[in-house]
Amino acid sequence: MAVRKLLLLPKYEKVLRRKSRPVKGVNRSVRTLIRDLRETLETQDGVGLAAPQIGVLQRVCLVVRGTDEQGESAEETTPEVIVLINPEITAQSEDLERGYDGCLSIPGLQGYTNRPLTLNVRALDEAGDVVDYEFTGFDARVAAHEIDHLDGILYFDRLETLEDLYYLVDDPDDEDKVKMLPYLEVHPEYRLMPDERIGMPTQGVKTIMD
Ligand code: ZN
């Protein structure tokens, strides 16, 4: 059991871009991995964590269900950590919801993305049993984000335009708050990129993280 080092962009982009392999059986080493993920997540202000983020390319991730966009517990729910092993998306709503994605591997940035409003996921649990989950609203957003990590997909890839990307900076008027500073205000040169170029931030990652 251990708190593991979080892999951050841009240094570990190559690892975070790789596709993780399925877990063959929920054995001791997988359970140790899950414990490490849990303990690492506990040290972070986050609502999910995927194994590749600690450098393990296996299809395992955690989703904290029952929080809101601030990571606070949503009304009348107690957040619980759901372990997803070899998750498969079995269905998703056509309705998309625009909201924020943040990522522990990409500190200091946040972006607006469209994600399904509901997501049905089949996965193994820690006992190795098949479980079907239905995630809705912000939970669906978190689950989609974490499952993306297992395929080497980052939320940058889900941005439609760099205008949806923001730096989080301390609010000079209130030390408890953060302010959103448009990425393009800091790096106006990126305005030259066409908005419709889906996937653009991916290719730009080496520079947009500078
Ligand atoms: Zn992430």
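Given the structure is predicted, the values throughout are model-derived calculations rather than measurements.

Quick word on the coordination of the zinc ion
For a metal with four tetrahedral donors the ideal donor-metal-donor angle is 109.5 degrees, while six octahedral donors give ideal angles of 90 or 180 degrees.
Item 1. Donor atoms from the polypeptide that bind the zinc ion are Cys103 (SG), His145 (NE2) and His149 (NE2), placed at 2.0 to 2.3 Å.
Item 2. For the zinc ion, the single-chain donor residues occur in sequence as C-x41-H-x3-H. Pair noted here: Cys103 is in the loop between β4 (96-102) and β5 (109-116) and His149 is in helix α3 (residues 138-150), with a separation of 46 residues, a long-range link. An identical accessibility class is assigned to Cys103 and His149; each is buried.

Some thoughts on the sheet that holds strand β2 (residues 60-65)
Item 1. In space, the five strands of this open sheet follow the order β1-β2-β3-β6-β7, with antiparallel pairing throughout. Edge positions in the open sheet fall to β1 (48-50) and β7 (130-136), since each of these has one partner strand only. Shown here is a sheet whose adjacent strand axes are inclined to one another by a mean of 40 degrees, direction ignored.
Item 2. In this sheet, strand β6 (residues 118-124) lies alongside strand β3 (residues 80-92) in antiparallel orientation, the contact comprising five bridges. When the bridges of β6 are listed, Ile89 appears paired with Val121.
Item 3. Most of the contacts of helix α2 (residues 28-42) go to β2, to which it runs at about 45 degrees, and overall it touches β1, β2 and β3.
Item 4. Sitting on the sheet, α3 is in contact with β1, β2, β3, β6 and β7, with an inclination near 170 degrees to β2.

The rules we used
Residues numbered from 1 in each chain as written. Predicted model: local features only at pLDDT ≥ 70, side-chain atom pairs only at ≥ 80, totals over all residues. Heavy atoms only, no water. Donors = N, O, S within 2.8 Å, 3.2 Å for Na, K, Ca; no water. Helix = DSSP H or I, 4+ residues; strand = E, 2+ residues; numbered from the N terminus. Buried < 20%, exposed > 50% of the residue type's maximum accessible area, 1.4 Å probe, protein only. Pairing = 2+ DSSP bridges. Axes fitted to C-alpha atoms, helices over the stretch in contact; angles between N-to-C directions. Contact = heavy atoms within 4.5 Å.

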